[in-house]
Amino acid sequence: MILSQSIKVVSAIVVFDGKILLLQRDDSLGIRDPDCWQLPGGGVENGEMPDEAIKRELQEEIGVIPSSLNFLISPSVEISVYHASLTKEEAQNIKKGDEGKDLRFFSFNELFQIPLTQKLKSVVQSQSEVLKSILR
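Residues numbered from 1 in each chain as written. Predicted model: local features only at pLDDT ≥ 70, side-chain atom pairs only at ≥ 80, totals over all residues. Heavy atoms only, no water.

## Regarding helix H5 (residues 128-135)
Residues spaced three or four apart along an α-helix point in a common direction, a consequence of the helix completing one turn every 3.6 residues.
Here's step 1: Here H5 has its buried residues at Ser-128, Leu-131, Ile-134 and Leu-135. Projected down its long axis, H5 shows its buried positions confined to an angular sector of 120 degrees, all on one face.
Here's step 2: On its buried face, H5 is in contact with strand E1 (9-16), strand E2 (19-24), strand E5 (70-76), strand E6 (79-85) and helix H4 (118-126). (Buried < 20%, exposed > 50% of the residue type's maximum accessible area, 1.4 Å probe, protein only. Helix = DSSP H or I, 4+ residues; strand = E, 2+ residues; numbered from the N terminus. Arc of directions from axis to C-beta. Contact = heavy atoms within 4.5 Å.)

## Thoughts on the pairing of E1
Here's step 1: Along E1, 6 of the 8 residues are buried, which leaves the element largely enclosed by surrounding structure.
Here's step 2: Judged from the 3 bridges that link them, E1 and strand E4 (residues 41-43) form a sheet pairing that is antiparallel. In the strand pairing of E4, Val-10 is matched with Gly-42.
Here's step 3: Pairing of E1 with E6 involves 7 bridges; the strand directions are parallel. From the neighbouring strand, Val-15 faces E6, where its bridge partner is Ser-85. (Pairing = 2+ DSSP bridges.)

## Some thoughts on the pattern of salt bridges
Here's step 1: Across all of its chains, the model carries 8 salt bridges by this definition.
Here's step 2: Taking the shortest distance from any N to any O, the salt bridge between Arg-56 and Glu-48 comes out at 2.8 Å. With respect to burial, Arg-56 and Glu-48 carry one shared label: buried.
Here's step 3: A network of salt bridges, in which partner residues are shared, links Glu-45, Glu-48, Arg-56, Glu-57 and Glu-60. (Salt bridge = Lys/Arg side-chain N within 4 Å of Asp/Glu carboxyl O.)

Function cannot be inferred from these measures alone, as they are strictly geometric.
As structure tokens, this is what we get:
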């Protein structure tokens, strides 16, 4: 499958109780968008399929692989976005991994009050109605 080989990044819109889960980036030297909030996810490793990569990244970053995890959209040939609605038990088991400074749930309105990565800020602004419907 040629498309899956061009996917380089996977992200997940993880939702619980009408809020979206975001990871605060580190502020290490050379990191893009330091201290900004982003969706959990990351790079697809060599030979890895996007579906495998998102499960690995979620396990590493939030400590849970949501049972409802499904592919949502590929906004470009290099990105795959997934969606998951957490069960109460899954939400209670969320824990920050080794990456990032913090992990928190935010309401839609709170997204405009925190520093988001440039990419996520653009998505929130251009796809606000879609995001609102996902958070319902």
